[in-house]
Each structure stands twice: as C-alpha cells, then as structure tokens.
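Understanding the architecture of this molecule
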Amino acid sequence: MNFGTILSVIFLFIWGVAMSAHSQDLTNLLLVNAAVQMLLFIVVACIPFLRTGRMSYVDIAWPFGVALIGVQLLLFADGDIVRKIAVGAVYLFIGLRMGMGAVVMGRATGVIFKTEFPRYQYRKMMFEKTGSRNARMHMLAEILAQGIANMSVLALPGFLIATNTSPSISGWEIVGILVWAVAYILETVADTQKLLFISKSENKGGVCNVGLWKYSRHPNYFAEWLVWTGLVIATVPSWLALQGTESFFVWLVLGVGALCASIMLYITLVYLTGAKPAEYYSVRKRPQYREYQETTSMFFPWFPKEDARPVGLDEVTTRRGSSD
C-alpha cells in the first residue's frame, strides 16, 4: 500500500465521520463537495494522466477544486454572513491565484500540457526505486488522494467556519485571517525576490540567497503552509462551538480533520512535491547548492549559519502557481 492509498483511507475515514455530524448544513456541504471534487479530478487530472502519463494535471485540478470549495461556501453555507463571505473569499483567492497561475505558466512553457514537472518525475522515480511493480497506478492513487483531500481535510476548515451561526467574531478568527494575510505577503515577496534575482544577468548560475531566501531555502513553500495554518487557527472557535451538539468522537475527528489541512500541506510541500524533489535536482545541476544547504534552513526561516554570497542558482520550479 503506497502513501497515496494510505492518505486516501485516512481522508475517507475523516470524511465518513464528518458525515455523521448532526449539522445538516455541514452534511449537505460535504456531500455536494464530494461530488464536485470527484467529477473535477476525474475530468481534469485522472483522464489526462491515463492518456499522457503526466501527473502535472493535478496542479490544475487541485487549486480549482479549492476555488470551488469557496463557491460552495458562498452559495450554500447557512452560517453567519460575514464569516462565510470571509472564508469563502479566502478559498476563492487561494484557488484562483494558483489555478490561473498554473494554466498561464503551462501555456507559456509547455509544462503540464506537454512535459512533466520535475517534482512528479521525482515521484515516479521514487516509486521505481522502491521496486514498485506498477508505478503508474501508484501515481494515479496520489492524484486521487489529492482529490479526496479536497473532499475532506482541505474543505473542513472552511465548512466548519461557514456553518457557524454565531454573530460575534472570535479573536482566534482574527488571528487566523491575519496569519493568512501575512503568509500571502511573504509568498508574494519571496516569489518576486526570486524572479528579480534570476532576471539579472550577473546572477546567472547563482543561488538566490537574498531577502527571504537568506533565511529559508524555500520561503514560498513555508508561506504556502502558513496560509493553511492560518485557516486552521481561524477554525478553532467554530470547532469548539460544536462540542455541545456533537458526540465527543465526531467532535474530535472534526478537529483532527481540520488540523490535517496544515499537516498535509507540510508533508506535501516538504517531502512529496516540494522541497525534497526540488533540491534533488538542484544539487545535481549545481554542486554549489550544497553550500547553500549547509548554511540555510530548509523550510522554517532561521538565521543563516554564515553570511554567504550567491553561489549557484537554485532550479526554478513552479509549485501550484508560484516559483521555488
């Protein structure tokens, strides 16, 4: 059983338990979203993968699936109007920004529509290295796992917030939205700094270790993880409000499921299709990158071990709408 299959089982379990909640609004949202996400992933990611063998189509399905969660929150959720508009807008913003970025980049470079992202080449290589007899099926399982994540753990924070009928806004929600806003700013700054660095001829062949990249080798990945962590923080009061209406088991699984949005993004952005795959190719293309690894934190920003000048250009890979 590969990692994608394990994730699918976990996410389906969380989804099944969430479906047993007493809130009819939450149940209806989960049912409609499940149908929407499965249709989207089958048409946009699974069928193209079976025809071409490229996993990169998931980079279109995933963000537009997130945007569709936002649409459902705005149209169908029965919670407090301010709360559901705010969280619906956040999901729409996250999804459309990354989805449109993936489409524009794919059309401009041919990646997705003609060639595979290096990170997905890395996943295929890992399957083959472990002696998998059918890497193709394992890759399809990971695509489906992402679709099931959109059905369950990535949707739960928004659904819990948008079904909360309390008219008062909690401090947790304010902090969560502020974290999301700061994360978006950090992500934009990191992407801009990388693009400016590689646009200068004198930096050709150099590692971008300026600005935020001096404190993290993947500051945009960190910011993307922080985006979802902010949503999880904003979910806390809505989750606590269900304590008196749901059984302890259902209530606990709903909380764990929402928390898994942050956990899943961390695992994905570090180990599956983020930092590890990017660095696998960077080190092989540019031996100087090892010095950057030795002096700079990989994910969480921290002070570098020493002041280093640009020593080698990190591979510019595009992850779900922005570069790393």
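Reading the values: rules and limits
- Residues numbered from 1 in each chain as written.
- Predicted model: local features only at pLDDT ≥ 70, side-chain atom pairs only at ≥ 80, totals over all residues.
- Heavy atoms only, no water.
- Salt bridge = Lys/Arg side-chain N within 4 Å of Asp/Glu carboxyl O.
- Helix = DSSP H or I, 4+ residues; strand = E, 2+ residues; numbered from the N terminus.
- Buried < 20%, exposed > 50% of the residue type's maximum accessible area, 1.4 Å probe, protein only.
- Phe/Tyr/Trp six-rings, centres within 6.5 Å; stacked < 30°, edge-to-face > 60°.
- Lys NZ or Arg CZ within 6 Å of the ring centre and 35° of its normal.

**Brief notes about the pattern of salt bridges**
Under the defined criterion, the tally for this structure stands at seven salt bridges. A salt bridge links E142 to R123, with the shortest nitrogen-to-oxygen separation between them at 2.5 Å. You can see E142 sitting in helix α6 (residues 135-151) and its partner R123 sitting in helix α5 (residues 118-129), a full 19 residues away along the chain. Accessibility classification places E142 together with R123 in one group, the buried group. With its nearest N and O atoms 2.6 Å apart, the salt bridge here joins E279 to R217. Taken together, the residues span a long stretch of sequence, with E279 in helix α11 (residues 275-285) and R217 in the loop between α8 (171-199) and α9 (219-241) at a distance of 62 residues. The residues E279 and R217 share a single accessibility class, namely buried.

**A few points about the packing of aromatic side chains**
Tallied over the full model, the rule gives 25 aromatic pairs. Where F13 meets F249, the ring centres are 6.4 Å apart and the plane angle is 65 degrees; that geometry is what we call edge-to-face. Here the residue F13 occupies a position in helix α1 (residues 3-19), and F249 occupies one in helix α10 (residues 248-272), the gap between them amounting to 236 residues. With relative accessibility at 47%, the residue F249 sits in the partly exposed group. Relative to F300, the ring of W225 has its centre 5.5 Å away and its plane inclined at 85 degrees; by these criteria the two rings are edge-to-face. Within this pair, whereas W225 is found in helix α9, its partner F300 is found in the loop between α12 (289-295) and β1 (318-319), the two being separated by 75 residues in sequence. Take F300: its relative accessible area is 39%, and that puts it in the partly exposed class. A network of ring pairs unites the aromatic residues F222, W225, Y266, Y271, F299 and F300 as a single cluster. A cation sits over an aromatic face here: K194 above W213, 4.1 Å from the ring centre. Over the aromatic face of Y280 sits the side chain of R284, whose NZ or CZ is 3.7 Å from the ring centroid.

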